[in-house]
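The lines below spell out each chain.
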Amino acid sequence: FDAVFIGDEVTGAGYRLAGLRAVAAGPDEAGEALASAREDAALILIGAGSAGGIDGDELERVQRQGAPPVVVVPDAQGGEPPDLAAVINRAFGLEQ
């Protein structure tokens, strides 16, 4: 099972200790890191700070595809993940 964390180095160190592969990527590099990780990862976690650099429509499209699952998680930089309920509602066409 190959899980990947994409984000800041500090948070990545924690995920690395938990057995995940960690890719240090700021907002400017996150889109490229995501594309690369999608080629071979079974699960992708992206720090909220890095996810902010990925086009919202692109990130939503990748998350809807579900293979591999892509999840935005809080990071050491204090970034907040998106509202999961809103993401799910949009995916099912249930805009609030």
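Given the structure is predicted, the values throughout are model-derived calculations rather than measurements. (Residues numbered from 1 in each chain as written. Predicted model: local features only at pLDDT ≥ 70, side-chain atom pairs only at ≥ 80, totals over all residues. Heavy atoms only, no water.)

Undergrad: Sorry, what's going on with the overall build of the protein chain here?
TA: Within the protein chain, the secondary structure is distributed over 5 helices and 4 strands. Tracing the protein chain from N to C terminus, the helices and strands come up as β-α-β-α-β-α-α-β-α. In the protein chain, which comprises 96 residues, the share counted as buried stands at 38%. Pairs at least 24 apart in sequence give 59% of the contacts found in the protein chain among residues at least 6 apart. Here the protein chain has roughly 5600 Å² of accessible surface; of this, 54% comes from carbon and sulfur atoms. (Helix = DSSP H or I, 4+ residues; strand = E, 2+ residues; numbered from the N terminus. Buried < 20%, exposed > 50% of the residue type's maximum accessible area, 1.4 Å probe, protein only. Contact = heavy atoms within 4.5 Å. Areas by Shrake-Rupley, 256 points an atom, 1.4 Å probe, with all protein chains shown as cover.)

Undergrad: In this structure, what is going on with the side chain of Thr11? I would like to understand it.
TA: Here Thr11 is to be found in helix H1 (residues 9-17). Not counting residues within four places of it along the chain, the set of residues in contact with Thr11 comprises Phe5, Pro74, Asp75 and Ala76.

Undergrad: I keep staring at the sheet that holds strand E3 (residues 43-47) and nothing clicks. Help me out?
TA: Strand pairing in a sheet relies on backbone hydrogen bonds, with the paired strands running either antiparallel or parallel. Taken in spatial order, the 4 strands of this open sheet run E2-E1-E3-E4, and their pairing is parallel. Two strands in the sheet have a free side with no partner beyond their single neighbour: strand E2 (21-24) and strand E4 (70-73). When the angles between neighbouring strand axes are averaged without regard to direction, this sheet yields 20°. Alignment of strand E1 (residues 3-7) against E3, held across 4 bridges, turns out to be parallel. When the sheet's bridge partners are listed, Phe5 is paired in E3 with Leu45. Against the sheet, H1 touches E1, E2, E3 and E4, its axis set at about 165° to E1. (Pairing = 2+ DSSP bridges. Axes fitted to C-alpha atoms, helices over the stretch in contact; angles between N-to-C directions.)

Undergrad: Even after reading the chapter, I still don't get H1, so can you show me in this structure?
TA: Because an α-helix completes one turn every 3.6 residues, residues spaced three or four positions apart along the sequence face the same direction. The N-capping residue of H1, defined by a side-chain oxygen 3.2 Å from the backbone nitrogen of Val10, is Asp8. Phi turns positive, to about 100°, at Gly19, one or two residues after H1. (Polar contact = N/O pair within 3.5 Å; in protein donor to acceptor, adjacent residues only side chain to side chain.)

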